[in-house]
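Chain by chain, the residues:
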Amino acid sequence: MIGVLPRQGIAQLIESGAITANQPIASEQIQPASLDLRLGRVAYRVRASFLAGDGRRVEDRLAEFEMHRIDLDQGAVLEKGCVYVVPLMERLALPDGIQAVANAKSSTGRLDLLTRLIADGGTEFDRIAPGHDGPLYAEICPRSFSVLVRPGMRLNQIRFRAGQAVLDDAALTALHVQEPLVDGEALISEGLGFSVDLSPALAACAGFRAKPHAGVIDLDRIGHYDPAEFWEVVPSPRGSIILDPGAFYILVSREAVTIPPAYAAEMAPYLAMAGEFRVHYAGFFDPGFGHAAAQGKGSRGVLEVRCHEAPFVLEHGQVVGRLVYERMAEIPDQLYGAGIASNYQGQGLKLSKQFRAP
């Protein structure tokens, strides 16, 4: 079958030995269209980010770049601005015809915690070719906040595909006619366009900006932290904001989107030429996100925005990203938000789950 493997397909990969781990894989790791990956027991502080390269092992490259090792068993702080490589508990022995793609989980991205998958022989981040047989590693670079991590924490997730399942614009348009994917006009061009909400309704709080000298965040503490200690409120009284170079922002999309049960989606940048900023999208949009079948009525997309070299004016309704839809190989036996304690079903402007509601 062609498409993204659902949770029952991932379970079959585990049963067949294509996915193994040095600790039993828990059922809650298996999401509707992805598998959460777990940190192992040691982190390597490295001098720089790297890829293994064709024909080379990550373990050998670590010997080149390692500065020191950190035992995670009792919890350890990964410091802001540093780069770490952590062997993961899971490893792959992919069959021919099955490729894998990884991404940071939503909460990881909302903390500006750059997390990417690397593997032996890899020439790009977050991509695993069919037939790959070997261990997996997470490269982690905290960019706004230092974080406390422990073995077993799940910062990124991996999705498995059979063949090419991305919908072209014609197929996406047809799907939108059949079942509206956004609550307004659909801008379809190499995916479904996403714009930023800086409307008068959000004038007092259009988003949040990370404070530069905040404390450590223990990723296991849910609903624990006061947002005011880590974030500044960003108002937009005129329907626009000025992005400061190097600053990290949490904003929200103007559109409420829907992912039907037979599809999954991934966010991608819209155009590099659109301005002096980049919108980072963490996590995948699972089948059922914002869908009525999973107790959703459209959900906003949270935008993780970082400005680059020059200050840039971001205005209400400006297109900043796009949703790329893919077909599922079959409908998952459990949808996002449907009894699986999904954190962001029906969301609006929302910080990561570690923070109390502002």
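The shown structure was predicted, so the numbers you read here are calculated from the model rather than taken from an experiment.

Parameters and conventions
- Residues numbered from 1 in each chain as written.
- Predicted model: local features only at pLDDT ≥ 70, side-chain atom pairs only at ≥ 80, totals over all residues.
- Heavy atoms only, no water.
- Helix = DSSP H or I, 4+ residues; strand = E, 2+ residues; numbered from the N terminus.
- Rg over C-alpha atoms; globule rule 2.2 N^0.38 Å.
- Contact = heavy atoms within 4.5 Å.
- Areas by Shrake-Rupley, 256 points an atom, 1.4 Å probe, with all protein chains shown as cover.
- Phe/Tyr/Trp six-rings, centres within 6.5 Å; stacked < 30°, edge-to-face > 60°.
- Buried < 20%, exposed > 50% of the residue type's maximum accessible area, 1.4 Å probe, protein only.
- Lys NZ or Arg CZ within 6 Å of the ring centre and 35° of its normal.
- Pairing = 2+ DSSP bridges.
- Arc of directions from axis to C-beta.

1. Structural notes on the overall build of the protein
And then number 1: Across its full length, the protein carries four helices and 25 strands.
And then number 2: A globule of 358 residues ought to have a C-alpha radius of gyration of about 21 Å, and the protein, at 20 Å, matches this closely.
And then number 3: Put simply, 82% of the contacts in the protein that link residues at least 6 apart link residues at least 24 apart.
And then number 4: Just so you have it, the protein exposes about 15200 Å², and 49% of that area is on carbon and sulfur atoms.

2. Observations regarding the packing of aromatic side chains
And then number 1: Evaluated as defined, the whole model comprises nine aromatic pairs.
And then number 2: Ring centres of F145 and F230 lie 5.6 Å apart, and the angle between their planes is 80°; this geometry places the pair in the edge-to-face category. Placement of F145 in the loop between strand 11 (133-142) and strand 12 (147-149) and of F230 in the loop between strand 16 (217-218) and strand 17 (231-234) is noted, with a sequence separation of 85 residues between them.
And then number 3: The class of F230 is buried, set by a relative accessible area of 3%.
And then number 4: Positioned above the aromatic ring of F125, the side-chain terminus of R116 is 3.6 Å from the ring centre.

3. Notes on the sheet that holds strand 16
And then number 1: Sheet architecture is open: three strands sit in the order 6-12-16, paired in mixed fashion. Each end of this open sheet is capped by a strand with a single partner; those strands are strand 6 (76-78) and strand 16.
And then number 2: Sheet topology places strand 6 next to strand 12; three bridges connect them, and they run antiparallel. What sits directly across from L78, in strand 12, is V147.

4. With respect to unusual backbone geometry
And then number 1: One non-glycine residue, D126, lies in positive phi territory at about 65°.
And then number 2: Tracing the backbone shows D126 in the loop between strand 9 (113-119) and strand 10 (127-128).

5. Observations regarding the environment of L62
And then number 1: Residue position: L62 is located in helix 2 (residues 58-65).
And then number 2: For L62, a relative accessible area of 5% corresponds to the buried category.
And then number 3: For the pair formed by L62 and I250, sequence separation is 188 residues and the distance between their alpha carbons is 33 Å.
And then number 4: Leaving out residues up to four positions away in the same chain, L62 has contacts with Y44, V46, F50, V85 and Y137.

6. Regarding helix 4 (residues 169-178)
And then number 1: Where helix 4 is concerned, the buried positions are L172, L175 and H176. All buried residues of helix 4 fall inside an arc of 100° around its axis, so they share one side. Of the exposed residues in helix 4, the ones pointing more than 90 degrees away from its buried face are A170, V177 and Q178.

7. Quick notes on the pairing of strand 24 (residues 312-315)
Two faces, one strand: in a regular strand the side chains alternate between the faces of the sheet.
And then number 1: Only one face of strand 24 is covered, namely the face carrying F312 and L314; the face carrying V313 and E315 is uncovered.
And then number 2: Pairing analysis gives four bridges linking strand 18 (residues 240-243) to strand 24, with the strands arranged antiparallel. Following the sheet pairing, L243 is matched in strand 24 by F312.

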